[in-house]
Amino acid sequence: MEIKIKKTGSAHLNIEGGATVDLPVYAGSVGPDVIDIGTLYKNTGMFTFDPGFTSTASCESQITYIDGMEGTLLYRGYPIDQLAKQSNFLEVSYLLLHGDLPDKEALADFSKSITYHTMLHSQFDTFFNGFRRDAHPMAIVCGAVGALSAFYHDSTDVSDPQQRKVASHRMIAKMPTIAARAYKYSIGQPFIDPQNDLSYSENFLRMCFAVPAEKYEIDPVLAKAMDRIFTLHADHEQNASTSTVRLAGSSGANPFACIAAGVACLWGPAHGGANEAALRMLYEIGSVDRIPEFIKRAKDRNDPFRLMGFGHRVYKNYDPRAKIMQRTCHDVLDVTGQRDDPIFKIALELEKIALNDEYFIEKKLYPNIDFYSGITLRAMGFPADMFTVLFALARTVGWIAQWLEMVSDPSQKIGRPRQVYTGHPFRDYVPLNKR
Ligand code: SDX
């Protein structure tokens with residue numbers, strides 16, 4: 001990775017009764033400048049304090065740019081709405097990994113490599129049998145991804161560029177196979193193996209919904225919707241799960257272990273688990289006339305209830321992915337004959353009411369990608385507990401791209417934050433008979 005930040009000046013920090021330090025200020029190509037605090041502790045004996053990293057840049061990156069105030073999302077400079085409309089998930093995956101759109105030959109080579117890595121070691125299938133049938137698919141996927149390092153030892157040496165490449169392609173290629181197997185296992189149906197003459201998204205839909213007893217017809221509208229949903233979820237700067245992957249990778253852990261860590265973090269309802277939680281919330285609301293009751297609860301600071309699928313750490317404007325997801329939702333409801341889906345009507349009304357409510361306006365709470373994705377995926381036939389698995393499937397290429405960038409960053413070192421300690425200062429041990 002080529003370091004591209006440029007020094008543009010200094011920040012002068014005067015600490016009352018303490019040191020005065022000059023800290024270098026750097027600029028990227030677009031977005032906020034950064035103050036390099038790397039020498040702060042050495043020169044002042046003090047740490048910065050930023051729980052949740054609301055004002056902290058953890059790294060330099062050239063992959064994805066978000067402008068939360070404008071509602072902009074760029075993958076390697078290309079806007080998400082253009083990629084969602086004109087590109088496809090495998091081409092976007094190449095873009096995220098390599099930095100530029102591929103020419104015909106490069107795309108064909110990349111697609112072939114991914115296609116020929118979709119199968120799993122046949123002994124891997126017995127791994128699924130260790131889970132209860134009613135295990136949450138995310139629990140299965142979390143375990144299965146971590147187990148890949150027990151099957152593919154020849155691509156775990158992170159210092160070898162060729163092994164990094166093979167592990168990356170294996171991870172991107174096998175995630176749909178693992179995800180589909182987690183689904184089939186949970187519904188007691190036989191596993192369906194990958195078919196090399198299908199596209200990435202067609203292959204995934206077939207592995208999920210085909211049964212040996214009959215021919216599976218690919219619906220092109222649903223395949224396109226699936227592909228677009230994968231593109232929308234592919235990467236998103238230094239979100240919680242990506243930061244988890246980077247931190248795990250900073251210790252030199254193998255890529256499969258790092259992605260398993262990312263899957264675990266994504267599962268949380270404040271992050272990738274929000275799509276499942278948002279649909280369950282819409283079911284709980286149950287009818288349009290109960291929306292005001294839930295809006296009231298969402299505004300009550302004493303009530304832990306949040307409107308799932310609303311709000312975002314970075315977007316203080318509409319999440320650009322949410323608009324595209326809403327349009328995709330319309331397409332899927334139309335083609336599946338569910339245009340009058342009552343849950344979709346509740347979602348549309350909830351969005352309208354929330355966007356005109358002064359609480360949501362003042363706190364800049366807009367629908368995020370998770371608000372419409374659950375309704376869309378349900379209409380495609382996925383159960384709610386598979387929604388975050390699909391998010392993890394799509395985000396795998398983003399995690400891998402960020403991991404590759406981190407491993408090749410010459411300034412990279414093991415991530416090891418400090419703390420402000422408020423526990424007991426030194427005290428001597430008290431023997432039991434004296435307590
Ligand atoms: C994803 O980071 C990423 O990029 C993530 C993601 C990706 O692609 O990787 O975009 C994917 O995770 C999308 C977000 C999915 N999560 C949800 O939809 C869950 C519901 N949303 C909230 O939990 C919340 O909005 C977060 C977690 C998404 C963001 O939280 P922040 O930035 O830490 O903001 P906050 O929780 O401090 O909220 C600020 C204020 C608070 O009120 P005050 O304490 O200031 O009075 O806004 C309120 C919150 O109470 N608030 C909400 C709300 N979200 C924030 N109130 C009601 N409903 C909500 N959804």
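Note: the structure precedes this text.
Throughout what follows, the structure given in this document is the object of discussion.

**Observations concerning helix H10 (residues 240-249)**
For H10, the full list of buried residues reads Ser-241, Thr-242, Val-245, Arg-246 and Gly-249. Projected down its long axis, H10 carries its buried residues within an arc of 145°, all on one side. Buried residues in H10 make contact with helix H11 (255-266) and helix H18 (387-407).

**Regarding the site of the ligand**
In the neighbourhood of the ligand, 24 residues make up the surrounding shell, with His-236, Arg-301, His-312, Arg-321 and Arg-395 lying closest. Between the ligand and Arg-306 there is a distance of 3.0 Å, counted from an oxygen atom to a side-chain nitrogen or oxygen. The separation between an oxygen atom of the ligand and a polar side-chain atom of Arg-321 is 2.7 Å. For the ligand, whose unbound accessible area comes to 1,000 Å², protein coverage reaches 78%.

**Some points on the pairing of strand E5 (residues 72-75)**
In E5, alternate side chains face the same way, and those of Leu-73 and Tyr-75 are buried while those of Thr-72 and Leu-74 on the opposite face are not. Both strand E4 (residues 64-67) and E5 contribute to a ladder of four bridges, which runs antiparallel. Within the sheet, the bridge partner assigned to Tyr-65 lies in E5 and is Leu-74. Counted along the chain from E4 to the antiparallel partner E5, the turn is four residues long, and its residue Gly-71 has a positive phi close to 70°. Sheet topology places E5 next to strand E6 (residues 78-79); two bridges connect them, and they run antiparallel.

**Side note on the state of the cysteines**
Summed over all chains, the structure comprises zero disulfides. This cysteine, Cys-59, is not joined by any disulfide, and Cys-258 carries the nearest cysteine sulfur, 14 Å off. Not engaged in a disulfide, the cysteine Cys-258 finds its nearest cysteine sulfur in Cys-142; these two sulfurs lie 13 Å apart.

**Quick word on the sheet that holds strand E3 (residues 34-35)**
In space, the three strands of this open sheet follow the order E1-E2-E3, with antiparallel pairing throughout. For this open sheet the edge positions go to strand E1 (6-14) and E3, each flanked by a neighbour on one side alone. Bridge analysis of E1 against strand E2 (residues 20-27) gives eight bridges, and the strand direction is antiparallel. By the bridge assignment, Lys-7 is partnered in E2 with Tyr-26.

**Let's talk about unusual backbone geometry**
Despite not being glycine, Phe-53 has its phi angle at roughly 55°, a positive value. In this structure, Phe-53 sits in the loop between helix H1 (40-44) and E4. Phi angles above zero are rare outside glycine, and Arg-76 is one such case at about 55°. Checked against the element boundaries, Arg-76 lands in the loop between E5 and E6.

**Considerations on the nonpolar core**
It is characteristic of soluble globular proteins that their nonpolar side chains tend to be buried jointly. Counting 113 residues, the largest nonpolar core has Phe-204, Met-226, Leu-307, Leu-350 and Phe-382 as the members making the most contacts within it. Tallying contributions element by element places H18 first for this core, with 13 residues. Counting five residues, the second largest nonpolar core, distinct from the first, contains Ala-11, Leu-23, Val-25 and Leu-40.

**Digging into the packing of helix H6 (residues 137-147) against helix H7 (residues 161-186)**
It is at 9 Å that the axes of H6 and H7 come closest, and there the two elements cross at 140°. For the element pair H6 / H7, the angle class is oblique. The crossing of H6 and H7 is right-handed. Every residue of H7 that contacts H6 at Pro-137, Ile-140, Val-141, Ala-144 and Val-145 is listed here: Met-171, Met-175, Ile-178, Ala-179, Ala-182 and Tyr-185. Taken together, the residues of the contact of H6 with H7 sort by class into eleven nonpolar, no polar and no charged.

Rules used in this analysis
For every chain, the first residue of its written sequence is number 1, and the numbers climb from 1 along that sequence. pLDDT decides what is reported in this predicted model: residues at 70 or higher carry local features, side-chain atom pairs at 80 or more are listed and counted, and totals for whole chains, interfaces and linings draw on all residues regardless. Where side-chain values are given, they derive from all heavy atoms of the structure, hydrogens and water being excluded. When accessible area is computed with a 1.4 Å probe and restricted to protein chains, residues below 20% of their type maximum are described as buried, those above 50% as exposed, and intermediate ones as partly exposed. Helix numbers and strand numbers start at the N terminus; a helix is a DSSP run of H or I with at least 4 residues, a strand a run of E with at least 2. In this description, one arc is meant: the one made by directions from the helix axis to the C-beta atoms. In what follows, residue pairs with any heavy atoms lying within 4.5 Å of each other are defined as contacts. Residues are labelled near a given molecule or strand when at least one of their non-hydrogen atoms is within 4 Å of it. In protein, a polar contact requires one atom able to donate a hydrogen and another able to accept it; more generally it is a pair of N or O atoms within 3.5 Å, and residues adjacent in sequence count only if both atoms are side-chain atoms. All accessible-area figures derive from a Shrake-Rupley calculation using a 1.4 Å probe, and residue coverage is judged against the displayed protein chains alone. DSSP bridges decide pairing: two strands pair if at least two such bridges lie between them. For the purposes of this analysis, a disulfide is any pair of cysteine sulfur atoms at a distance within 2.5 Å. Side-chain atoms within 4.5 Å are what join buried Ala, Val, Leu, Ile, Met, Phe, Trp, Tyr and Cys residues into a set we call a nonpolar core. Structural elements are reduced to axes, namely lines fitted to C-alpha atoms, with helices fitted over the stretch in contact, and the angle between N-to-C directions of any two is expressed from 0 to 180 degrees. Should an angle fall under 35 degrees it is taken as roughly parallel, and over 145 as roughly antiparallel, whereas 65 to 115 is taken as roughly perpendicular and any remaining angle as oblique. Should the near helix be turned anticlockwise from the far one by less than a right angle, the crossing is termed left-handed; should it be turned clockwise, right-handed. We call Asp, Glu, Lys and Arg charged. Ala, Val, Leu, Ile, Met, Phe, Trp, Tyr, Cys and Pro are nonpolar, and the rest, Gly among them, are polar.

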